[in-house]
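Fold and geometry: a report
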Amino acid sequence: MTNLICKRILLKLSGEALMNSSSGSSIDATIVKRLATEIKELCDAGIEVGLVIGGGNIVRGAQTAGEGLNRVTGDQMGMLATVINALAMQDALEHLGQPVRVMSAIKINQVCEDYIRRRAVRHLEKGRVVIFAAGTGNPFFTTDSAASLRAIEINAQLMIKATKVEGVYSADPQKDPNAKFYSRLTYDEALDQRLNVMDTTALVLCRDNNVPMRVMNVFEQGAIMKLMTGHDIGSLIERGQN
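Attention here is on the structure that accompanies the text.

The rules behind these values
Residues numbered from 1 in each chain as written. Predicted model: local features only at pLDDT ≥ 70, side-chain atom pairs only at ≥ 80, totals over all residues. Heavy atoms only, no water. 1 Å grid on protein atoms, 1.4 Å probe; cavity = no way out; pocket = protein on both sides within 12 Å on 5 of 7 lines; lining within 4 Å. Points joined across faces, edges and corners; volume = space filled by probe spheres on them. Helix = DSSP H or I, 4+ residues; strand = E, 2+ residues; numbered from the N terminus. Nonpolar A, V, L, I, M, F, W, Y, C, P; charged D, E, K, R; others polar. Buried < 20%, exposed > 50% of the residue type's maximum accessible area, 1.4 Å probe, protein only. Arc of directions from axis to C-beta. Contact = heavy atoms within 4.5 Å. Salt bridge = Lys/Arg side-chain N within 4 Å of Asp/Glu carboxyl O.

**Here we look at the layout of surface pockets**
Size it by volume and the largest pocket reaches roughly 1200 Å³. As for the largest pocket, its lining consists of 48 residues, of which Ser 14, Glu 16, Arg 60, Asp 144 and Lys 161 are closest to the centre. When residues in the lining of the largest pocket are grouped by element, the largest group, 5 residues, is from helix α3 (residues 71–95). Here the residues of the lining of the largest pocket sort into 19 nonpolar, 18 polar and 11 charged.

Take a look at the structure:
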C-alpha cells in the first residue's frame, strides 16, 4: 500500500477496551480478536506497529492506593495486569498468523522478553508487532506515559490513543451534550485547558519530542486503517509553532 500516512505507529489501548461491560468479563476474547484483526490488517499493509495496553480492566494502582494499599505495591500489581493483557493480545495475533513479541519493562522472562530498545526496533523492522508491557517499569508512571516514552524510543511517526469517544472534547460528551469537539489542537492547548487527554507527563514527552498524536474511537471498526490511508479521523494534537 503506497498511500499510507506513516510507516511506524505506537497504538495505545486502555485495558478497559478489552472488557465486556455487559458480561463483566475483564478480558473478552471476541473483543481481543476484533482488535487483533485490525492490527494485523495494519501489518499486512506494511505498517510497523508498537502497542501499549493499560491494565485498568484488571487493577489500577492509583485506585488500590486510594483503598488503603501501598501505592508502589498497587502500581506493581498494575504492571503485572498489563502483562496479562499483552499475553492475551499476543495469543490472538498469533492465531491470525501475525508474528508478535511481548517485551516487559520488568524482568519476567519466563513469559516474555525483557525490553531492550534496539531489539524492539529490530522486531518492528522484521514486521513483528511489539507489545510493550509493564509500563515504564516504575511506580507512579501511567501507561500513557509509557506509551509516549516507547513512541519516542522507537521513533514512531504517530502515536494513536484509542478511546471510547470520537476524539478530544472540552468535557465528557457522554455527560455534557454541549461539550466542544476539537479536531485540531496543540499540546500546550491541551495542557493549559486540562483536557484530560493523557496525563501531563505523557503530553509533555510527546510535545518536547515532536511526536504527533491522534485520539480516536477504538470501537469504530476499521477506523485505524482509514486514518492510515489519509482520512481525517478523531483529533490531532501536535506541537505548536515556536
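**Thoughts on helix α4 (residues 117–125)**
What α4 keeps buried is the set Ala 120, Val 121, His 123 and Leu 124. Angular distribution of buried residues about the axis of α4 spans 155 degrees; they occupy a single face of the element. Each element contacted by the buried residues of α4 is listed here: β1 (8–13), β2 (48–53), β3 (100–104), β4 (113–114) and β5 (129–133). Gly 127 lies just past α4 and shows a positive phi near 85 degrees.

**Here we look at the pattern of salt bridges**
All told, the structure shown has 14 salt bridges when counted by the stated rule. With a closest N to O distance of 2.9 Å, Arg 207 and Asp 208 form a salt bridge. Taking relative accessible area as the criterion, Arg 207 reaches 23% and is therefore assigned partly exposed. What you see here is one network of salt bridges that share partners, running through Lys 12, Asp 144 and Lys 161.

**Focus on unusual backbone geometry**
Even without a glycine there, the phi angle at Arg 194 is positive, about 50 degrees. Mapping Arg 194 onto the fold places it in the loop between α6 (187–192) and α7 (200–208). Residue classification places Arg 194 among the exposed positions, given a relative accessible area of 70%. Positive phi outside glycine occurs at Asn 196, with the angle close to 60 degrees. Its location among the elements puts Asn 196 in the loop between α6 and α7.

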